[in-house]
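Inside the fold
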Amino acid sequence: MVNIFAVYKPLLRWLIKLVGMRPQTVEIEPGTVMNFWVPNETPNKSKNSNNKAVVLIHGFGADGITTWQFQVLALARKFKVYVPDLVFFGGSITDRSERSPEFQAECVAKGLKKLGVERCSLVGLSYGGMVGFKMAEMYPDLVDSMVLSCSAMALTKSISDAALERIGFKSWSDYLLPDSVQGVKIFFDIATFKLPWKLDWIPNFVYKHYLEVMYDNKEQREELLKALVIDDKDFTIPHHPQRVHLLWGENDTIFNKEVVNNLMWQLGDRATLQYIEKAGHLVEVEQPCVYNKHLQEILTTLLEDGHQKQRNF
């Protein structure tokens, strides 16, 4: 039987091209290459331009365009959308030994600058949100504002241990890098709100095909996960000058409302919060229409505010 996801991915690429985007490979440095989906039009570098650059950073479950497919189709006509594949996802590779979120942030930022992006709003999901926070900290002149979904400022050991206990796993590798059909089922069961009711309707071969296509580079991804968790004593709350909007699945069990409340406290008056009902950790997939509506409204406000600041400056 032909793998349905192997067939679907070229179809998805075709659809993304129809809305005005194209794939591009960027050499970050010798030995490190990242894949991006970029607008067909090159950004206007004028300081007074109305260039609405939006960067979508994916989580750990899939590559960029698979994660954000519904959002790209909704946003690409209005915004200049950039979708990177983080290192060891979607063909992005490095020969360096670094595996930290800081390294991912460095690679994305350097790639965007090579693509001509001077200012942007970041949208980050889960792991991508942690990379986004690092980008905002390391490159404040590049990152103007952020929208984060189901993430944390950093995955400290206390946050990690509590989340793993909630979902019933001993390690993130056991959960995020399944090696069986049953493991893939459990991954989606935990990460979603509505899907558990539909599991019996989905044939096992669908999960098998997903497993075959989506979980390459396992060894390197395990290293990414090991580098992700840090001791609480090594974490200090950084100052982010950017405005941050949290757009969250109300039923997220991985990063639940306790995590959200802690994040809001860390961000202070720079942050606003909005929940989406009947959605879990994969909120952008479970409630794409609702998510897209809120995301477009948020981005329009954030980017208009950013352009106003530029004009005043």
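This section reports on the structure supplied with the text.

What counts as what
Residues numbered from 1 in each chain as written. Predicted model: local features only at pLDDT ≥ 70, side-chain atom pairs only at ≥ 80, totals over all residues. Heavy atoms only, no water. Axes fitted to C-alpha atoms, helices over the stretch in contact; angles between N-to-C directions. Helix = DSSP H or I, 4+ residues; strand = E, 2+ residues; numbered from the N terminus. Parallel < 35°, antiparallel > 145°, perpendicular 65-115°, else oblique. Left-handed = near helix turned anticlockwise from the far one by under 90°. Contact = heavy atoms within 4.5 Å. Nonpolar A, V, L, I, M, F, W, Y, C, P; charged D, E, K, R; others polar. Buried < 20%, exposed > 50% of the residue type's maximum accessible area, 1.4 Å probe, protein only. 1 Å grid on protein atoms, 1.4 Å probe; cavity = no way out; pocket = protein on both sides within 12 Å on 5 of 7 lines; lining within 4 Å. Points joined across faces, edges and corners; volume = space filled by probe spheres on them. Phe/Tyr/Trp six-rings, centres within 6.5 Å; stacked < 30°, edge-to-face > 60°. Lys NZ or Arg CZ within 6 Å of the ring centre and 35° of its normal.

1. As for the packing of helix α4 (residues 101-114) against helix α5 (residues 127-138)
With their axes 8 Å apart at the nearest point, α4 and α5 run at an angle of 70° to one another. As the angle between them shows, α4 and α5 are arranged roughly perpendicular. Judged by the sense of rotation from one axis to the other, the crossing of α4 with α5 is right-handed. Residues P101, E102, Q104, A105, E106, V108, A109 and L112 of α4 form the contact with α5, whose participating residues are Y127, V131, K134, M135 and M138. For the contact of α4 with α5, the residue count by class is nine nonpolar, one polar and three charged.

2. Quick word on helix α8 (residues 181-191)
For α8, the full list of buried residues reads G183, V184, K185, F187, F188, I190 and A191. At its buried positions, α8 is contacted by α6 (157-167), α7 (172-176), α9 (204-214) and α12 (283-286).

3. Concerning empty space enclosed by the protein
Using a probe with the size of a water molecule, rolled over the atoms, empty space left in the structure can be pinpointed. All chains considered together, the criterion is met by one cavity of 30 Å³ or more. In this model, the largest cavity occupies a volume close to 50 Å³. Lining the largest cavity, in full, are A152, M153, A154, I159, F235, V259, N262, L263 and Q266. Split into classes, the residues belonging to the lining of the largest cavity amount to seven nonpolar, two polar and no charged.

4. Quick word on unusual backbone geometry
Here C150, not a glycine, exhibits a phi torsion of approximately 50°, which is positive. The phi dihedral of K278 falls on the positive side, at around 55°, and the residue is not glycine. Tracing the chain through its elements places K278 in the loop between β11 (271-276) and α12. A residue is classified by how much of its surface remains accessible, and K278, at 52% relative accessible area, is exposed.

5. Re the packing of aromatic side chains
Counted under the stated rule, the structure contains eight aromatic pairs. Taken together, a centroid distance of 5.0 Å and an interplanar angle of 80° make the contact between F187 and F188 edge-to-face. Judged on exposure class, the residue F187 and its partner F188 are both buried. Geometry around Y275 places K257 over its ring, the cationic atom sitting 4.9 Å from the centre.

6. Some words on the layout of surface pockets
Quantified by volume, the largest pocket comes out at close to 880 Å³. Broken down by element, the residue count for the lining of the largest pocket peaks at four residues, all from α9. Considered class by class, the residues forming the lining of the largest pocket number 27 nonpolar, eight polar and four charged.

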